[in-house]
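Residue-level structure breakdown
This is what each chain is made of:
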Amino acid sequence: MEFGYKASKEIFDEDDFGKWKFCNDDDIRAIVGEGNPKMKIAVMADVGRTDFEEDIIPKSESPIDLVRIATYAGLRNDYQYHGDLQGAHRGSQNRA
């Protein structure tokens, strides 16, 4: 089940966009509970709108199983994608 986005609070205001624009892990846990739910939990992240170092934590600390990453044609190449995706990979590792 996909909950919403993992957007940067440095770019977007929660009062304007609501809490599911940020998918805080504690908010997800409040719905699915602790432990291993019977469904996989997913969120979406946008290149350039998500801080992969801050917004996506290691899988061992998160209820999220999958991070779907979007990018956009014409996006300025201000990012070193390899470095950004390292954080995304760290947050979406399989359960141990």
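Structure: see above.
This write-up is about the structure you can find in this document. The structure displayed is predicted, hence computed values, not measured ones. (Residues numbered from 1 in each chain as written. Predicted model: local features only at pLDDT ≥ 70, side-chain atom pairs only at ≥ 80, totals over all residues. Heavy atoms only, no water.)

Each helix and strand in the protein was counted, giving 3 helices and 3 strands. Ordered by position in the sequence, the α and β elements of the protein form the string β-α-α-β-β-α. Within the protein, buried positions represent 35% of all 96 residues. Within the protein, residue pairs in contact and separated by at least 24 positions form 66% of the contacts whose partners lie at least 6 positions apart. (Helix = DSSP H or I, 4+ residues; strand = E, 2+ residues; numbered from the N terminus. Buried < 20%, exposed > 50% of the residue type's maximum accessible area, 1.4 Å probe, protein only. Contact = heavy atoms within 4.5 Å.)

Right, let's get into the sheet that holds strand S3 (residues 66-70). The parallel open sheet is built from 3 strands, whose spatial order is S1-S2-S3. Of all the strands in the sheet, the pair left with one neighbour each is strand S1 (2-5) and S3. The average undirected angle you get between the axes of adjacent strands in this sheet is 25 degrees. Examined bridge by bridge, S1 and strand S2 (residues 42-46) share 2 bridges and lie parallel to one another. Among the inter-strand pairings, Glu2 is bridged to a residue of S2, identified as Ala42. (Pairing = 2+ DSSP bridges. Axes fitted to C-alpha atoms, helices over the stretch in contact; angles between N-to-C directions.)

A few words on the pairing of S2. Most of S2 sits inside the fold, with 5 of its 5 residues counted as buried. What you see with S2 is no split at all: Ala42, Met44 and Asp46 on one side and Val43 and Ala45 on the other are buried throughout. Strand direction decides the pairing type here: S2 and S3, joined by 5 bridges, are parallel. Bridge pairing links Met44 to Arg68 in S3.

As a further point, take helix H2 (residues 25-32). Of the residues making up H2, those classed as buried are Asp25, Ile28 and Arg29. Buried positions in H2, seen along its axis, are confined to an arc of 100 degrees and lie on one side of it. Turned more than 90 degrees off the buried face of H2, the exposed positions are Asp26, Ala30 and Ile31. Capping the start of H2 is the job of one residue whose side-chain oxygen sits 2.7 Å from the backbone nitrogen of Asp26: Asn24. (Arc of directions from axis to C-beta. Polar contact = N/O pair within 3.5 Å; in protein donor to acceptor, adjacent residues only side chain to side chain.)

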